[in-house]
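# Coordinate inspection notes
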Amino acid sequence: MVRMPWSTPSPDEVDRLFTVAENLAVQQGITPASRDAAVRALMAARKLATRDPSRENRGRLLRASGRSTVNVALDAGDSTLVQDLADQTVTLARELLHEQTDDDTVREEAVLRLAQAGQILASAGRVDEGRALVSEAFEAAGPGRGRTAATGALLTVRLDDLTERAQAGENVAAPPDLGALAVAYVDGQRALAVTAGNDPAITFDLAEALGTFARAAVFLRRPDLIGVAMAEQMSILMMFDGGGARAQLEVVAQQLRELRTIAPEVTVVIPGPDAWRHRGSYGAYLTPSSPVRPGGARKDSAERRASVTPPWGAATHGYAERLERGIALSRGGRLAEAYQLLSTLAGELATGDGNDALRARTLWRQSMVEAALGRIPDAWETAQTSVTVATRHLDALPDGTEARRTALADTAVYLTDASQIAAAAGHPDAQITLLDDAIARCGDVPDRAVRRALGTALHNLANAMTPDMAAHAERAVTLRRSLVDESEPLTVWEYANTLVLAAGIASADGRPGAGVTHLVTAAPLLVRLGPAAAQMVALARKHAAVLARLDPAAVRSARSRGQWPYA
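Parameters at a glance
- In this numbering scheme, every chain counts its residues from 1 along its sequence in written order.
- A pLDDT threshold of at least 70 governs which residues receive local features in this predicted model, and a stricter bar of 80 or more applies before side-chain atom pairs are shown or counted, although totals over entire chains, interfaces and linings include all residues.
- The side-chain quantities take in all heavy atoms of the structure and omit both hydrogens and water.
- Each helix corresponds to a stretch of at least 4 residues labelled H or I by DSSP, and each strand to a stretch of at least 2 residues labelled E; elements are numbered beginning at the N terminus.
- Residue exposure (1.4 Å probe, protein chains only): buried if accessible area is under 20% of the type maximum, exposed if over 50%, otherwise partly exposed.
- We call two residues in contact when some of their heavy atoms are within 4.5 Å.
- Salt bridge, as applied in this entry: a Lys or Arg side-chain nitrogen positioned within 4 Å of an Asp or Glu carboxyl oxygen.
- Only the stretch in contact is used when fitting a helix axis, every axis being a line fitted to C-alpha atoms; angles between N-to-C directions are given from 0 to 180 degrees.
- Roughly parallel means an angle under 35 degrees; roughly antiparallel means over 145; roughly perpendicular covers 65 to 115; every other angle is labelled oblique.
- Each helix crossing is assigned a hand: it is left-handed if the near helix lies turned anticlockwise from the far helix by less than a right angle, otherwise right-handed if that turn is clockwise.
- Throughout this entry, Asp, Glu, Lys and Arg are counted as charged residues, while Ala, Val, Leu, Ile, Met, Phe, Trp, Tyr, Cys and Pro are counted as nonpolar. The remaining residues, Gly among them, count as polar.
- To define a nonpolar core, start from buried Ala, Val, Leu, Ile, Met, Phe, Trp, Tyr and Cys residues and group those joined through side-chain atoms within 4.5 Å.

Note that Ala430 resides in helix H19 (residues 428-442). You can call Ala430 partly exposed: its relative accessible area is 23%. Remark: the alpha-carbon pair of Ala430 and Ser419, spanning 11 residues in sequence, is separated by 6.9 Å. For Ala430, the contacting residues outside a window of four places in its chain are Trp380 and Ala422.

What follows is the structure, encoded as structure tokens:
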């Protein structure tokens, strides 16, 4: 139960509680802590609005009510409760919109929450009503935050409609204004993020807007724009350390790898961590003759664009397209919808045509969504099934073939992610067994995707504090050093992460010299990664303090060479 320490909160206290709830939702996703924070903010706002029903305080209540509604929707909660909360939000938002006032701040909040509630109701099955509410919000919006939110909502419901029609087998074409709408959404969200400075919630909203732009680019038949948007989205997600952001980052990285296979002429370059502040309008990229830099380069052939099969949400129906739609939903934070789609698809594949590779991938994504929703026992059961199906598929493939190497890389990822879920579910022995299996299966296969999966398994096994953790950490350091590719910042992040882990292990098992060497190697990488390495930097400083006591001469030597930035 959430208990309030005061009878009637002040406006400042309500604002503070809401900020906490928003930041927790961004950092953690939907967890017990973020749910409690949202409920606490809602209770406080309701008490304040009851005592003093001013327009400003009812605006605070609307904001807190909207946050709670979103949390319940993402948590795949009771559909009736979700709709009741959304209906209450709609009523209050309309009340505030109909009042004659010059208060743009509250009006913007009302537009935003009306659009948000429309999306939620559409997802809950009240499609026509939900879309009408989104259109109502769009018409009511003036310039600013409300307009951006309404534009994003309108774009999303249009993309959902296109996707549903495509999955039903219809040959859909992008509406004439789809590109302009996508540009308006990203440009508007960027302006808000730049103005806000370093507000994590608004910056994260920009990452989500870029993901939505990528969805629109699919229907525009523009793989170059998919690459541009997802590259920038990845650079922003790397700034966040929360589990939800890391899960989205993994999905985006996978989709970029798929894009390279489907559209090899697209060159993807991940921009730096602050590039989002300086990027111009995405409208420049819609002009067919305009070059795409940074983040993607393309051929200008319209024929080539038309022939590219989009990596997700394709204009054909089938299992693969539905799976990618589920991944896109989870990437966008729409976990309840993603779960419904993926679990239904997994059930169909279990009795379908025996496509074990697709079934394993579907179950894997379902387990990740269940874990993100806090359903750890369900996630553990699903993950085990995914591993069983994946290993069966892998073992049936002949050695030395491309198909086997691809399946091996996938299976190693599924085993490693299942091990993390096993740990969360309280099964440490299963965690170690799964990691050992992943490492043994990868062996010395030279395929790059397999080696990256092996690096993750070795890192995680070292982090599990097994008796051989030092050997696993050092092997992971060597392997991940060989995999660093400056065009893939995630490989730099992985290498730095393992160096910091190995430094901590070395300091704990009597090898301070090795620990100092690892931190010296990690230092320039951590600087290059910027905000994406904030958590690693904090951990590296803790290890550095220990190493300074264990081997002060080595630390002094590194500092004298300018290689020890750890205060």
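More follows now that the structure is in view.
Moving on to the pattern of salt bridges. The final tally for this structure, using the stated rule, is 30 salt bridges. Between Arg222 and Asp224 there is a salt bridge whose closest N-O contact spans 2.9 Å. Asp224 shares its class with Arg222; the two are buried. Between Arg452 and Glu494 there is a salt bridge; the shortest N-O distance is 3.0 Å. With Arg452 in helix H20 (residues 448-463) and Glu494 in helix H22 (residues 489-508), the pair connects residues that are 42 residues apart, well separated along the chain. Of the two residues, Arg452 and Glu494, both sit in the buried class.

A few words on the packing of H22 against helix H24 (residues 534-550). Two elements in contact, H22 and H24, have axes whose closest approach is 9 Å; the angle formed by their N-to-C orientations is 30°. Between H22 and H24, the interaxial angle falls into the category roughly parallel. Considering the relative orientation of H22 and H24, their crossing is left-handed. Where H22 approaches H24, its residues Trp493, Ala496, Asn497, Val500, Ala503, Gly504 and Ser507 are matched on the opposing element by Met536, Leu539, Ala540, His543, Val546, Leu547 and Leu550. Per-class residue counts for the contact of H22 with H24 are 10 nonpolar, 4 polar and no charged.

Following both chains from N to C, one finds helix H7 (residues 145-167) and helix H8 (residues 178-196) inclined at 140°, their axes separated by 9 Å at the closest point. The handedness of the crossing between H7 and H8 is left-handed. On H8, the residues that touch Arg145, Thr148, Thr151, Gly152, Leu154, Leu155, Arg158, Leu159 and Leu162 of H7 are Leu178, Leu181, Ala182, Ala184, Tyr185, Gly188, Gln189 and Leu192. For the contact of H7 with H8, the per-class residue count stands at 10 nonpolar, 5 polar and 2 charged.

With 118 residues, the main nonpolar core has Tyr282, Leu526, Trp564 and Tyr566 as its most contacted residues. Once residues within four sequence positions are removed from consideration, Leu526 is found in contact with Ala496, Ala533, Met536, Val537, Ala540 and Tyr566. Judged by nonpolar contacts, the second largest core, of 28 residues, contains Trp380, Leu408, Ala457 and Ala476.

What follows deals with the environment of Ala502. Relative to the elements of secondary structure, Ala502 occurs in helix H22. Sequence separation between Ala502 and Leu519 is 17 residues, and the spatial gap between their C-alpha atoms is 8.9 Å. When neighbours within four sequence positions are excluded, Ala502 is seen to be in contact with Ala473, Glu474, Val477 and His518.

Remember, this is a structural readout, not a statement about activity or role.
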